[in-house]
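Now for the letters of each chain:
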Amino acid sequence: MNMLDVNDLNVWFGSGRDRVDAVKHATFSVAQGESFGLVGESGSGKSTILRAITGLAPDWSGAITVEGKAIGHKRAKAFFKTVQMVFQDPYASLHPRHSVDQVLGETLQLHGFKDIDTRVVKLLEDVGLGTKFRFRYPHQLSGGQRQRVAIARALAPEPDLLLLDEPTSALDVSVQAEILNLLSDLRTEHNLTYVMVSHDLSVVGHMCDRLAVMKDGEIVEVLDVDVLRHMNAEHPYSRHLLEASL
Amino acid sequence: MSALLDVENLWVKFPSRHGVFDAVRGVSFTLGRERLGIVGESGSGKSMTGRAILRLIRPPGIVEADHIKLDGVNLLDKTEKEMRAVRGQRISMVMQDPKYSLNPVMTIGDQIIEAYRLHNKVSKSAAYKKSLEMLEAVSIRDPERVMRAYPHEMSGGMGQRIMIAMMLIPNPEILIADEPTSALDVSVQRQVLDIMDRLVKERGMGLIFISHDLNLVADFCDRVLIMYAGRIVEVCDADKLHEAKHPYTQGLLNSLPRLDAPRDRLEVLQRDPAWSEAPSVSGRV
């Protein structure tokens with residue numbers, strides 16, 4: 001059984017004359033334990049696919065299936081225990097007036113956990129922060145540390161599928177390496193499935209097994225990373241992207 | 001070769017509650033008619049160096065230097081009014097994000113014309129013609145439409161090209177580009193760089209290219225200064241960046257994922273406190 005199946009997904013914004021079709025007929029599936037990449041330039045609809053899966057883009061049609069269960073427009077509580085998302089900008093995705101403890105504690109409480117205290121400690125250790133960061137506020141953390149907190153928050157409900165929206169594009173290369181290593185470790189430890197959006201082909205090449213290339217809202221090609229490495233992409237746009245990133 | 005710009009022992013300081021914070025600590029370099037790259041992580045002082053040259057650091061920030069000489073004239077001795085004749089006219093700066101550097105309530109045409117007429121006494125129609133030429137020079141299709149458009153109607157790549165057009169229209173001797181392409185997609189990035197490259201070559205300008213992207217700088221520049229904690233830790237020719245000796249530079253290079261050389265784990269930079277203690281390397285030619 002696949003972890004995620006997306007079939008003929010359309011996402012649009014606005015209506016009538018102002019309607020923009022952000023994603024058109026997107027179809028792909030991600031196996032259990034796989035790491036799948038979505039690449040393309042800005043405006044190609046890659047982030048919109050993730051937002052449609054989590055329910056942040058309200059207007060969509062087609063079929064989204066997570067662990068064999070079809071997802072409706074209203075999502076059940078259990079859905080958020082299975083699927084979590086990490087956002088691009090750790091400077092914007094954390095509440096500036098909530099301490100790390102509050103961020104994680106509130107998430108755990110919402111998901112109905114009882115042993116919040118021990119779980120917060122465990123989460124912080126999992127993402128390599130340790131307890132001394134527990135009562136800090138976001139402005140007291142560096143970009144990399146903030147992204148670790150955002151990852152801890154996503155891990156709190158013990159999800160199976162993690163959606164990563166450009167998790168390192170706001171970070172320095174040296175910090176990017178730390179976060180990418182952390183994400184690889186967490187995937188093996190927690191047996192996670194990743195769907196990762198990035199405009200950086202080498203990051204996707206490092207992290208993913210398969211990837212989809214998007215252009216103007218459409219998936220133009222789905223290929224294995226090995227094919228990418230050998231520069232054997234078939235679609236001219238994928239080749240163009242490859243050449244530009246070398 | 002006589003240097004266009006000569007910076008000696010530049011310090012940028014910010015007094016704070018916990019004592020003075022030194023953002024740039026004693027940096028010296030010269031710039032000829034070349035493409036000089038400055039790389040480093042965020043907080044390494046690379047942007048502050050660029051801003052300090054134009055004296056754009058506002059109080060309480062303090063800029064100190066033995067001299068910042070432009071064609072032999074010390075910029076630090078100039079009054080604020082004289083400085084205004086330098087900014088834009090002789091040294092221009094392209095900032096990181098075009099969204100925040102263009103005026104949202106003015107058409108692009110009006111902004112470029114304003115920039116041009118501020119420095120040149122010409123008629124409106126002549127300025128309009130010159131602006132059109134400049135937009136064409138940065139490969140903008142249909143420049144007449146763009147002249148009438150507002151910044152929000154432009155994509156990021158177009159916005160950045162418009163900024164470059166605006167900065168180059170007074171024909172400056174030096175262009176400081178602070179992360180000009182980091183808000184752009186890879187495919188657009190190349191285009192913008194090619195345009196800058198062509199203009200720098202044609203006009204014989206000096207370019208200071210500030211970026212955190214090592215590969216980009218290695219590709220695009222002639223000479224590279226690597227900054228760490230407010231100091232220059234290494235200076236090298238851009239094509240020899242991959243043979244860099246300093247462990248910081250090597251660490252940065254190794255931490256990049258590479259398509260052609262897959263690895264299970266990326267190398268993580270191990271910082272050595274001695275790096276920030278070592279005196280700054282001179283970037284003089």
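To be clear, the structure that these remarks concern was listed above.
Residues numbered from 1 in each chain as written. Chains lettered and ligands numbered in written order. Predicted model: local features only at pLDDT ≥ 70, side-chain atom pairs only at ≥ 80, totals over all residues. Heavy atoms only, no water.

Colleague: Can you help me understand the overall build of chain B in this one?
Modeller: Scanning chain B from N- to C-terminus turns up 11 helices and 11 strands. Relative to the compact-globule value of 19 Å for 285 residues, chain B shows a C-alpha radius of gyration of 20 Å, a close match. Oriented by its inertia axes, the alpha-carbon framework of chain B measures out at about 60 × 50 × 45 Å. With 285 residues in all, chain B has 52% of them scored as buried. Here the analysis covers contacts within chain B between residues at least 6 apart in sequence; of these, 67% occur between residues at least 24 apart. Accessible area of chain B: about 13400 Å², with a carbon and sulfur share of 49%. Taken as two groups, the 38 positive and 38 negative side-chain charges of chain B have centres that lie 5 Å from each other. (Helix = DSSP H or I, 4+ residues; strand = E, 2+ residues; numbered from the N terminus. Rg over C-alpha atoms; globule rule 2.2 N^0.38 Å. Buried < 20%, exposed > 50% of the residue type's maximum accessible area, 1.4 Å probe, protein only. Contact = heavy atoms within 4.5 Å. Areas by Shrake-Rupley, 256 points an atom, 1.4 Å probe, with all protein chains shown as cover. Lys, Arg positive; Asp, Glu negative; His and termini not counted. Charge placed at Lys NZ, Arg CZ, Asp CG, Glu CD.)

Colleague: Got a minute to help me understand the sheet that holds strand β6 (residues 83–86) of chain A in this structure?
Modeller: Residues and elements named next belong to chain A. Read from one edge of the open sheet, 6 strands run β6-β7-β8-β3-β9-β10, paired in mixed fashion. The open sheet has two edge strands with one neighbour each: β6 and β10 (218–224). Taking the axes of each pair of neighbouring strands and ignoring which way they run, one obtains an average angle of 20° across the sheet. Taken together, the 4 bridges between strand β3 (residues 35–39) and strand β9 (residues 210–215) define a ladder with parallel strand orientation. Following the sheet pairing, L38 is matched in β9 by A212. Sitting on the sheet, helix α5 (residues 143–155) is in contact with β6 and β7 (161–165), with an inclination near 170° to β6. On the sheet, helix α9 (residues 236–244) packs against β3, β9 and β10 and is oriented at approximately 100° with respect to β9. (Pairing = 2+ DSSP bridges. Axes fitted to C-alpha atoms, helices over the stretch in contact; angles between N-to-C directions.)

Colleague: Just checking my understanding: could you explain the packing of aromatic side chains for this structure?
Modeller: In this description, a pair of aromatic rings is defined by centroid distance and the angle of the planes. Summed over all chains, the structure comprises 6 aromatic pairs over all chains. Site record: aromatic cluster; members linked through ring pairs are Y228, Y248 and W275 of chain B. In this structure, R19 of chain A packs its charged tip against the face of W12 of chain A, placed 4.6 Å from the ring centre. Sitting over the ring of F220 of chain B, R35 of chain B keeps its end group 5.7 Å from the ring centre. (Phe/Tyr/Trp six-rings, centres within 6.5 Å; stacked < 30°, edge-to-face > 60°. Lys NZ or Arg CZ within 6 Å of the ring centre and 35° of its normal.)

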